[in-house]
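Given next are the chains, with one letter for each unit.
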Amino acid sequence: MAFPAQHEIYKRRFSRNVGLGLTLVAFIVLVFGLTMVKVMQVGQMQAFDHVVRPEMLPADAAGEGGQ
Amino acid sequence: MTDINAFEQPNEAGFGDYVALLKPRVMSLVVFTAFVGILAAPVSVHPVVALAGILFIALGAGASGALNMWWDADIDAVMRRTMKRPVPSGRVQPGEALGLGLALSGIAVVMLGLATNMLAAGLLAFTIFFYAVVYSMWLKRSTPQNIVIGGAAGAFPPMIGWAVATGSVSIESAFMFALIFMWTPPHFWALALFMKEDYSNAGVPMLTVTHGRKSTRKHVLVYTLLLVPVAIGGAFTGIGGPIYLTTAVFLNAIFLRGAWQIWRRDETQAEADNYAVEKKVFRFSLYYLFLHFGAILAEAALKPYGIGGW
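Reading the values: the criteria
Residues numbered from 1 in each chain as written. Chains lettered and ligands numbered in written order. Predicted model: local features only at pLDDT ≥ 70, side-chain atom pairs only at ≥ 80, totals over all residues. Heavy atoms only, no water. Domains from an automatic or database assignment. Contact = heavy atoms within 4.5 Å. Buried area = accessible area lost by both parts, 1.4 Å probe. Salt bridge = Lys/Arg side-chain N within 4 Å of Asp/Glu carboxyl O. Polar contact = N/O pair within 3.5 Å; in protein donor to acceptor, adjacent residues only side chain to side chain. UniProt positions renumbered as here; feature names shortened; annotations may be inferred. Helix = DSSP H or I, 4+ residues; strand = E, 2+ residues; numbered from the N terminus. Core = buried A, V, L, I, M, F, W, Y, C linked by side-chain atoms within 4.5 Å. Buried < 20%, exposed > 50% of the residue type's maximum accessible area, 1.4 Å probe, protein only. Axes fitted to C-alpha atoms, helices over the stretch in contact; angles between N-to-C directions. Left-handed = near helix turned anticlockwise from the far one by under 90°. Nonpolar A, V, L, I, M, F, W, Y, C, P; charged D, E, K, R; others polar. Expected span 1.5 Å × (residues − 1). Phe/Tyr/Trp six-rings, centres within 6.5 Å; stacked < 30°, edge-to-face > 60°. Parallel < 35°, antiparallel > 145°, perpendicular 65-115°, else oblique.

1. A few points about the domain arrangement of chain B
Residues and elements named next belong to chain B. What the domain assignment lists for chain B is domain 1 (1-168) and domain 2 (170-310). Between domain 1 and domain 2, the residue contacts involve 32 residues of the former and 33 residues of the latter. Together, the buried faces of domain 1 and domain 2 total about 2,800 Å²; carbon and sulfur atoms form 79% of this surface. Summed over the shared surface of domain 1 and domain 2, the number is 0 salt bridges. For the pair domain 1 and domain 2, the number of links is 1 residue pair in polar contact (both at pLDDT 80 or more).

See below:
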């Protein structure tokens, strides 16, 4: 015996699915927004890969490093 | 398969039932007071960080609400005011409420720590622990002082909001905490006076049950007398000012008058007018808190224009 397609229980399940979907989308948007703000607050930077980049060192230190 | 499941769970929950587990009305107060805590702080916060902070504080409060509904399902089922909640009505299983509460607690604390700072996250974790364990599991069923001490859980949000902005605790955030903490007992005891049989049926040792109604009326007056200097004294902290002082004096005069009227009445008078004064004082107490925090917000908002603050 099957429930008719318009049975009330399907509405409740649909509301759960839509609610959860919208919550996850909102969470993703929030984390993305937070990431953008945090990254922009740090200022200039390059990806951290343990490689010294002389062009990012202060002028004096770069000069000494070159001697 | 789906149809068989549908037969087995005729009370299957909708999305709204899970939202109801988070006690949205309590969350609205948490959102507002945390918002005031952030805006009143002397440090500016990026709007996205502030929004995230408020959302995660509210989520933590909601999570503790779900844990409370899981633990208190047996007494919620007996009390008229709470018997339609998702767990006692059978729409949400107790295990689901526990799982949701624990998961959201973890998400809220970790995300608040990552988005803002560890002090704010630590305070939120303590608040959830205090409400779920200290208040719900321990105090609520063991002492008539449950409301007094348990009120601390509701008092933390503005302090967490302040910590989100400043990364610290100060006299101003302690004042906002104290305002809600001292307001909670007269607010709830006014409610307990007209929710007549609910608490005694559920076996919750509310003051009305353990010490009687006459004593509860006295307690409403005494705690209101203790609340007044705290509420007015806040005007002289860094977040106070003439707007707050005027509002506080006005509101406290009305609240004190209401508490006095409650104290002067006996049960015969109260029953004759269906607890009109008690209901009026309870409703006013909601505006009382909202307007105090509204005044703090007004002081902060007007400060840049040279009007707010002293």
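Still more ground to cover, so stick around.
2. Describing the UniProt feature "transmembrane region" (unreviewed entry) in chain A
The feature "transmembrane region" (unreviewed entry), as given by UniProt, occupies residues 18-37 of chain A in the numbering adopted here. Along residues 18-37 of chain A the backbone is 100% helical and 0% strand, and the end-to-end C-alpha distance reaches 29 Å.

3. Quick word on the nonpolar core
With 105 residues, the main nonpolar core has B:Tyr244, B:Phe293 and B:Ile296 as its most contacted residues. When residues of this core are assigned to domains, at least three map to each of domain 1 (1-168) and domain 2 (170-310) of chain B.

4. Here we look at the packing of helix 3 (residues 24-40) of chain B against helix 8 (residues 146-166) of chain B
Residue and element names in this part refer to chain B. At a minimum axis separation of 7 Å, helix 3 and helix 8 run at an interaxial angle of 35°. Two packed elements cross with a definite hand, and for helix 3 against helix 8 that hand is right-handed. For the pair helix 3 and helix 8, contact is made by Val-30, Thr-33, Ala-34, Gly-37, Ile-38 and Ala-40 and by Pro-157, Pro-158, Gly-161, Trp-162, Val-164 and Ala-165, respectively. Tallied by class, the residues present in the contact of helix 3 with helix 8 amount to 9 nonpolar, 3 polar and no charged.

5. Examining helix 4 (residues 47-71) of chain B
With 25 residues, helix 4 of chain B ought to run about 36 Å at 1.5 Å a step, and its terminal C-alpha atoms sit 36 Å apart, in line with that. Of all the 25 residues making up helix 4 of chain B, 19 are buried; the element is thus mostly covered by neighbouring parts of the structure.

6. Details of the packing of aromatic side chains
All names here are of chain B. Applying the stated criterion across every chain yields a total of 16 aromatic pairs over all chains. Centre to centre, the rings of Phe-255 and Phe-284 are 6.0 Å apart; their planes meet at 50°, and the pair counts as tilted. Residue Phe-255 is found in helix 13 (residues 242-264), and its partner Phe-284 is found in helix 15 (residues 276-302); the two are separated by 29 residues along the sequence. Among the aromatic side chains, those forming a connected cluster through ring pairs are Phe-126, Phe-129, Phe-130, Phe-156, Phe-177 and Phe-181.

7. Quick word on the packing of helix 1 (residues 8-42) of chain A against helix 4 of chain B
The packing of two helices is summarised by the inter-axis angle and the distance between the axes. As a packed pair, helix 1 of chain A and helix 4 of chain B sit with axes 9 Å apart at the nearest point and diverge in direction by 140°. The orientation of helix 1 of chain A relative to helix 4 of chain B falls into the category oblique. Between helix 1 of chain A and helix 4 of chain B the crossing geometry is left-handed. Between helix 1 of chain A and helix 4 of chain B, the residues in contact are A:Phe27, A:Leu30, A:Gly33, A:Leu34 and A:Val37 and B:Val48, B:Val49, B:Leu51, B:Ala52, B:Leu55 and B:Phe56, respectively. The residue makeup of the contact of helix 1 of chain A with helix 4 of chain B, split by class, is 10 nonpolar, 1 polar and no charged.

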